[in-house]
Amino acid sequence: MKYKPNTTQTRRSFLATGAAFAAAPLIAQEEGYDPLRPPPEAEAPVRHNISSFRSVDWRPHFSSLRNGAILVDTRSRALHFWSEDQTTYKLFPSSVPLTEEMTRRGRTSVIRKVVGPSWSPTPSMRKRNPEWPSYVPPGPDNPLGTHALYLGWKYYRIHGTHDTRKIGRQSSNGCIGLYNNHIEELFGMTKVGTQVLLI
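Draft legend 1. How the structure looks around the overall build of the protein. Of regular secondary structure, the protein possesses three helices and 10 strands. For the protein, the α and β elements follow one another from N to C terminus as α-β-β-β-β-β-α-β-β-β-β-α-β. Out of the 199 residues belonging to the protein, those deemed buried represent 36%. Across the protein, every contact between residues at least 6 apart in sequence was considered, and the portion connecting residues at least 24 apart equals 63%. In the structure as shown, the protein presents an accessible area of about 13100 Å², 54% of it carried by carbon and sulfur atoms.

Here you go:
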């Protein structure tokens, strides 16, 4: 008995295969697919420089809101502000100290407010970085940005920064940094005597 091929099936297979080949360039064009190239490796997840943070209540941290209150959370890299009359709550991303040794925690207050602050490195900063200038006047090169809140602890400030890459990172020599537009806003809401807590 002679073998007789199934011409219907063969023809259908041929047509289906041909259609697939004809469509391949269109798929390749649309999806960027190249059958001669190995599939791309999965991309690493994007890492943002600002850590996720959320609003918090003032009561676990302060006994009252007298003179207003600032909470700096060095773990979430966020600064929280509450007005004395409880009508205003603000949450800002911040930079925090580079290391645990440079990080100070506890209670203090705002003792001075300066627009256009000048800057001089502390003795320990000069020791670590002898090439740094001894004084930087107000302006775009000043590490304290456009505004500064001086705290009761010597050398510690909440200030702006012209280097926006620092926000959301461990990047300071001890101070807390904010975007210049955020420190300007915070500066306008605080007063000498505003409570400050770093945790």
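Alright, that's what it looks like, and here's the rest.
Draft legend 2. Local environment of the side chain of Ser-95. Its place among the elements puts Ser-95 in the loop between β3 (89-93) and β4 (96-97). Taking the relative accessible area as the measure of exposure, Ser-95 reaches 5% and is therefore buried. Residue contacts for Ser-95: discarding those within four places in its chain leaves Lys-166, Ile-167, Gly-168, Arg-169, Ser-171, Ser-172, Cys-175, Ile-176 and Gly-177.

Draft legend 3. Seen up close, unusual backbone geometry. One non-glycine residue, Asn-67, adopts positive backbone phi at about 70 degrees. By secondary structure assignment, the location of Asn-67 is in the loop between α1 (7-31) and β1 (69-73). Backbone geometry places Arg-77, a non-glycine residue, at a positive phi of 55 degrees.

Draft legend 4. Quick peek at the sheet that holds strand β9 (residues 176-179). Across the sheet, which stays open at both edges, the eight strands sit in the order β3-β2-β1-β10-β5-β6-β7-β9 with mixed pairing between neighbours. One side of each edge strand has no neighbouring strand; the edge strands of this open sheet are β3 and β9. Averaged over all pairs of adjacent strands, the angle between strand axes in this sheet comes to 25 degrees, irrespective of strand direction. Pairing of β1 with strand β2 (residues 78-82), which is carried by five bridges, proceeds in the antiparallel orientation. Following the sheet pairing, Ile-70 is matched in β2 by Phe-81. Strands β1, β2, β3, β5 (106-115), β6 (147-151), β7 (157-161) and β9 of the sheet are contacted by helix α3 (residues 180-189), whose axis makes an angle of about 105 degrees with β9.

Calculation rules
Residues numbered from 1 in each chain as written. Predicted model: local features only at pLDDT ≥ 70, side-chain atom pairs only at ≥ 80, totals over all residues. Heavy atoms only, no water. Helix = DSSP H or I, 4+ residues; strand = E, 2+ residues; numbered from the N terminus. Buried < 20%, exposed > 50% of the residue type's maximum accessible area, 1.4 Å probe, protein only. Contact = heavy atoms within 4.5 Å. Areas by Shrake-Rupley, 256 points an atom, 1.4 Å probe, with all protein chains shown as cover. Pairing = 2+ DSSP bridges. Axes fitted to C-alpha atoms, helices over the stretch in contact; angles between N-to-C directions.

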